[in-house]
Amino acid sequence: MLEQLKQEVYEANMQLPKLDLVTFTWGNVSGIDRAAGLFVIKPSGVAYDKLTPDDMVVVNLKGEVVEGRLNPSSDTPTHTVLYNAFPDIGGIVHTHSPWAVAFASAQLPVPALNTTAADTFYGDVPVTAPLTQAQIERAYEAETGNAIVTTFQDEGIDPTAVPAVLVAQHGPFAWGATPAQAVYNAKVLEVVAEIDYHALTLSHKDSHVPQYLLDKHYYRKHGKDAYYGQSNPQSGTHAAHQA
Ligand SMILES: [Zn+2]
């Protein structure tokens, strides 16, 4: 079942080592078929060079395995919470990419200091509160998802406009309309976090882009008036993947 989505999720997972976003097996991508109410996710702890599309595991929106020989990623409950809470997202990626993890460790958001950030993130990428001992003991991975959802609700952030988050003391989750788009957003976050680290090292002044520059860059690529790149008549979306 969902053979095409399995292929798509497999290919998105294979992008993680290629894009230098994972060390060992520390990462996972999933993608959802909203009509079927099922998502496909990487199996737990399988090396990327051993992975095949057939290894992908199909899970329902309660987090129950529907099909698959292997155990799904241990982060499956986090993905389940996010798919339920954010109905417009089609793919999710989690990595321990080091620059984003540096900000997550320091419990700092990744600020929008430049147009590289503003092209993809309509504002700072937020950081969650650290999980409490009770949350970790109760249902660690699901509570990680709940902490993400709470952060977006409390800070009034639209998860479509800012498609990533840092889980405090852990690392980044990113998402998008498709698994490939989620991986793209995860890589942009890593690049922006690296740039921001250097910018914040060079200067402690508030270097946030002004609202008019944020608006200009974000809306060049997103929404009905986007004009960046080549419009794609098949998907009706603009080519946000192009640099
Ligand atoms: Zn992790």
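Whatever comes next refers back to the structure up there.
Counting starts from 1 at the beginning of each chain's written sequence and moves along it residue by residue. Side-chain atom pairs in this predicted model are given and counted only at pLDDT of 80 or more, local residue features only at pLDDT of at least 70, and totals for whole chains, interfaces and linings cover all residues. Neither water nor hydrogens contribute to the side-chain values; these are computed over all heavy atoms in the structure.

A. Representation of the packing of aromatic side chains within the structure. The pairing test for Phe, Tyr and Trp rings, Trp by its six-membered ring, is centres within 6.5 Å, and the orientation test on the planes gives stacked under 30 degrees, edge-to-face over 60, and tilted for anything in between. On inspection of all chains with the given rule, the structure shows nine aromatic pairs. Between Phe39 and Tyr83, the ring centres sit 5.0 Å apart and the planes meet at 40°, which makes this aromatic pair tilted. Of this pair, Phe39 sits in strand E2 (residues 38-41) while Tyr83 sits in helix H2 (residues 76-85); the two residues are 44 residues apart in sequence, bridging distant segments of the chain. Owing to a relative accessible area of 0%, Phe39 belongs among the buried residues under this scheme. Through a chain of ring-to-ring contacts, the aromatic side chains of Phe86, Phe152 and Trp175 assemble into a single cluster. Its end group placed over the ring of Tyr48, Lys42 keeps NZ or CZ at 4.9 Å from the ring centre. Charge over a ring is defined by NZ of Lys or CZ of Arg lying within 6 Å of the ring centre and within 35 degrees of the ring normal. For Lys221, the ring lying beneath its charged end belongs to Tyr228, and the centroid distance is 4.4 Å. Numbering of helices and strands runs from the N terminus, with a helix taken as a DSSP run of H or I at least four residues long and a strand as a DSSP run of E at least two residues long. The cut-offs for exposure are 20% and 50% of the maximum accessible area for each residue type, with area from a 1.4 Å probe on protein chains only; residues under the lower value are buried, those over the upper are exposed, and the others partly exposed.

B. Fine view of the coordination of the zinc ion. Sites may look incomplete, because water is not among the atoms used; the donor set itself consists of N, O and S atoms within 2.8 Å of the metal (3.2 Å for Na, K and Ca). Coordination of the zinc ion by the protein is provided by His94 (NE2), His96 (NE2) and His170 (NE2), with metal-donor distances spanning 2.0 to 2.1 Å. Positions of the donor residues of the zinc ion along the chain correspond to the pattern H-x1-H-x73-H. Of this pair, His96 sits in the loop between strand E5 (91-95) and helix H3 (98-106) while His170 is found in the loop between strand E6 (164-167) and strand E7 (171-176), placing the two residues 74 residues apart along the sequence. Take His96: its relative accessible area is 33%, and that puts it in the partly exposed class. Since its relative accessible area comes to 15%, His170 is described here as buried.

C. Looking closely at the side chain of Thr120. Mapped onto the fold, Thr120 is located in the loop between helix H4 (115-118) and helix H5 (133-154). The contact criterion used is simple: two residues touch if any of their non-hydrogen atoms lie within 4.5 Å. Sequence-distant contacts of Thr120, that is, excluding residues within four places in its chain, are made with Ala161, Pro163, Tyr184, Asn185, Val188, Tyr218 and His222.

Limitation: the analysis is restricted to geometry and does not speak to function.
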